[in-house]
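A structural walkthrough
Residue strings, one per chain:
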Amino acid sequence: MKLGIKVIRIFFICFIVIFIIAFISYINHKSQLKKEDTLFKPLGKMIDVNGNKMSIYTEGDGDNTLVFMSGGGTSSPILDFKSLYSQLSDDYKIVVIEKFGYGFSDVVDEKRTIQTILNESREALQKAGITGPYILCPHSMSGIEALYWAQQYPKEVKAIVGLDMAVPDSYSKLSINMPLIKISSLAAHLGITRFLPGISESDAIKHGILSEEEKEIYKSVFYRRTATKTMINEVYEIKNNASIVKKGISVNIPILMFCSNGAGTGWNEDEWKKFQSDFINENKKGKLINLDCSHYVQNYEYKNIAKNIKSFTKEIDK
């Protein structure tokens, strides 16, 4: 009996200590967010979509419009893609879509079906006066969205440039640890991430061409847009969304895919490469370029990728 009481007391004390630490972390987080308000200013246009604000960034001008679509969980798409699109904006119209829950866009707690996500992206582009046909440039998980876009609205998609993009088969046997993702969201909400050294140092910060000011902006976005409710809902739907695309019609447009060495994808490295090679082999207008770098290829091989994009678009424009 006494042992049981002792155990209960230990658990109670541990609970109180954890609660106090979490409370202090949360107060500190809120204080830091207030100090960072001056950094969290939209870099693009804020477009009204279904009563919420979506961030759309544009730069450059050209006959071809490159639409960059971020991978799952990328806190700041505008800055994440900057190293790459800065190499292209002299020749192309650059567009970066920051979906709800990402970057400077609003966080929404709604079901993230692939049709909903696509409808929102198309509406934002239309309201911003950005017309197709587009060359979609999806990174990672947004590859599913790009393929669905091409299936549903083929006249709007001229080509796809996959930046280590996911394909439907990538998710067929994937086991998603939702409890761990939700714990990550709670940690971000409480500001615990601020005490983890280097966690806000994205590949864009470490390997890209961001200025010191842009690096600070990225960090301020990171602490606001990590494992948001929208992102979590998106992950929850991804297997079903991928299944819908897999069952859809084949996409018969030019596709250029850049494949990483598989590191940082969450899949076995050889398995990741096979997903992409199998997919491109089924596309008569497809080309695959293997890169010896990790998943965020746009922050490592941006010069090489830009060079190949220019060659690719010249070929399809003939």
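Structure shown above.
Now for a quick tour of the structure. Values in this document were obtained by computation on a predicted structure and should not be read as measured data. (Residues numbered from 1 in each chain as written. Predicted model: local features only at pLDDT ≥ 70, side-chain atom pairs only at ≥ 80, totals over all residues. Heavy atoms only, no water.)

1. Focus on the pairing of strand S1 (residues 45-49)
Where S1 meets strand S2 (residues 52-59), five bridges bridge the pair, whose relative direction is antiparallel. Each residue of the ladder has a partner; that of Ile47, found in S2, is Met54. Between S1 and S2, which pair antiparallel and follow one another directly, the connecting turn spans two residues, one of which, Asn50, has a positive phi of 55 degrees. (Pairing = 2+ DSSP bridges. Helix = DSSP H or I, 4+ residues; strand = E, 2+ residues; numbered from the N terminus.)

2. Structural notes on the sheet that holds strand S4 (residues 93-98)
As summarised here, the arrangement of the eight strands in space is S1-S2-S4-S3-S5-S6-S7-S8, forming an open sheet in which the pairing is mixed. If you trace the sheet from one side to the other, it starts and ends with S1 and strand S8 (286-290), each paired once. Strand-to-strand twist of the sheet, defined as the mean angle between neighbouring strand axes without regard to direction, takes the value 20 degrees. For strand S6 (residues 157-163) and strand S7 (residues 255-259), the ladder comprises four bridges, and the chain directions are parallel. Within S7, the residue paired with Gly162 across the bridge is Met257. Here helix H5 (residues 142-152) sits on the sheet in contact with strand S3 (65-69), S4, strand S5 (134-138) and S6, set at roughly 155 degrees to S5. (Axes fitted to C-alpha atoms, helices over the stretch in contact; angles between N-to-C directions. Contact = heavy atoms within 4.5 Å.)

3. Section: the packing of H5 against helix H9 (residues 229-247)
For the pair H5 and H9, interaxial distance at closest approach is 10 Å and the crossing angle is 40 degrees. It follows from the interaxial angle that H5 and H9 lie oblique. Viewed along their axes, H5 and H9 form a crossing whose handedness is left-handed. In this structure, H5 uses Ile144, Glu145, Leu147, Tyr148 and Gln151 to contact H9, whose residues at the interface are Glu234, Ile238, Asn241, Ala242, Ile244 and Val245. (Parallel < 35°, antiparallel > 145°, perpendicular 65-115°, else oblique. Left-handed = near helix turned anticlockwise from the far one by under 90°.)

4. Details of the layout of surface pockets
Here the largest pocket defines a volume of roughly 1,200 Å³. In terms of lining residues, the largest pocket is bounded by 40 residues, among which Gly72, Gly73, Thr74, Val235 and Tyr296 are the most central. Sorting the residues of the lining of the largest pocket by element identifies helix H6 (178-190), helix H8 (212-222) and H9 as the ones contributing at least two each. Each residue belonging to the lining of the largest pocket can be placed in one class, and the counts come to 19 nonpolar, 17 polar and four charged. (1 Å grid on protein atoms, 1.4 Å probe; cavity = no way out; pocket = protein on both sides within 12 Å on 5 of 7 lines; lining within 4 Å. Points joined across faces, edges and corners; volume = space filled by probe spheres on them. Nonpolar A, V, L, I, M, F, W, Y, C, P; charged D, E, K, R; others polar.)

5. Overview of the environment of Trp149
In this structure, Trp149 sits in helix H5. Residue Trp149 is classed as buried on the basis of its relative accessible area of 1%. Taking C-alpha positions, Trp149 is 9.1 Å from Leu136, a pair spaced 13 residues apart along the chain. (Buried < 20%, exposed > 50% of the residue type's maximum accessible area, 1.4 Å probe, protein only.)

6. Section: the packing of H6 against H9
Close contact between H6 and H9 brings their axes to 10 Å; oriented N to C, the two are set at 170 degrees. Our classification of the angle between H6 and H9 gives roughly antiparallel. Two secondary-structure elements touch here, H6 through Met178, Ile181, Lys182 and Ser185 and H9 through Ile232, Val235 and Tyr236. Along the lines of polarity and charge, the residues of the contact of H6 with H9 split into five nonpolar, one polar and one charged.

7. A word on the side chain of Asn64
Mapped onto the secondary structure, Asn64 falls in the loop between S2 and S3. With relative accessibility at 8%, the residue Asn64 sits in the buried group. Reaching out from Asn64, the side chain makes a polar contact with the side chain of Lys158 at a distance of 2.7 Å. For Asn64, the residues in contact, after removing those within four places along its chain, are Tyr92, Lys93, Ile135, Lys158, Thr313 and Asp317. (Polar contact = N/O pair within 3.5 Å; in protein donor to acceptor, adjacent residues only side chain to side chain.)

8. Remarks on the pattern of salt bridges
Pairing between side chains of opposite charge can happen when the charged atoms of each approach one another. For the coordinates displayed, the defined rule picks out 16 salt bridges. For Asp37, the salt bridge is made with Arg224, and the minimal N-O distance between the two is 2.8 Å. Within this pair, whereas Asp37 is found in the loop between helix H1 (2-35) and S1, its partner Arg224 is found in the loop between H8 and H9, the two being separated by 187 residues in sequence. Owing to a relative accessible area of 16%, Arg224 belongs among the buried residues under this scheme. Here Lys82 makes a salt bridge to Glu214, at a shortest N to O gap of 3.6 Å. (Salt bridge = Lys/Arg side-chain N within 4 Å of Asp/Glu carboxyl O.)

9. What to know about empty space enclosed by the protein
Where empty space is left becomes clear once a probe the size of a water molecule has been rolled over the atoms. Under the defined criterion, the tally for this structure stands at two cavities of 30 Å³ or more. Considering only enclosed or pocket space, the largest cavity measures out at about 40 Å³ in volume. Lining of the largest cavity is provided by Ile114, Ile117, Met141, Ile144, Glu145, Glu234, Ile238 and Asn241. Contributions of two or more residues to the lining of the largest cavity are made by helix H4 (114-127), H5 and H9. The biggest single contributor to the lining of the largest cavity is H9, with three residues. By residue class, the composition of the lining of the largest cavity is five nonpolar, one polar and two charged. By volume, the second largest cavity is sized at about 40 Å³. Around the second largest cavity, the lining residues are Met69, Ser70, Ile97, Lys99, Ser121, Ser142 and Glu145.

10. Brief notes about helix H11 (residues 302-316)
The end-to-end C-alpha distance of H11 is 21 Å, a good match for the 21 Å that 15 residues give at a rise of 1.5 Å each. For H11, the complete set of buried residues consists of Tyr302, Ile305, Ala306, Asn308, Ile309, Phe312 and Thr313. (Expected span 1.5 Å × (residues − 1).)

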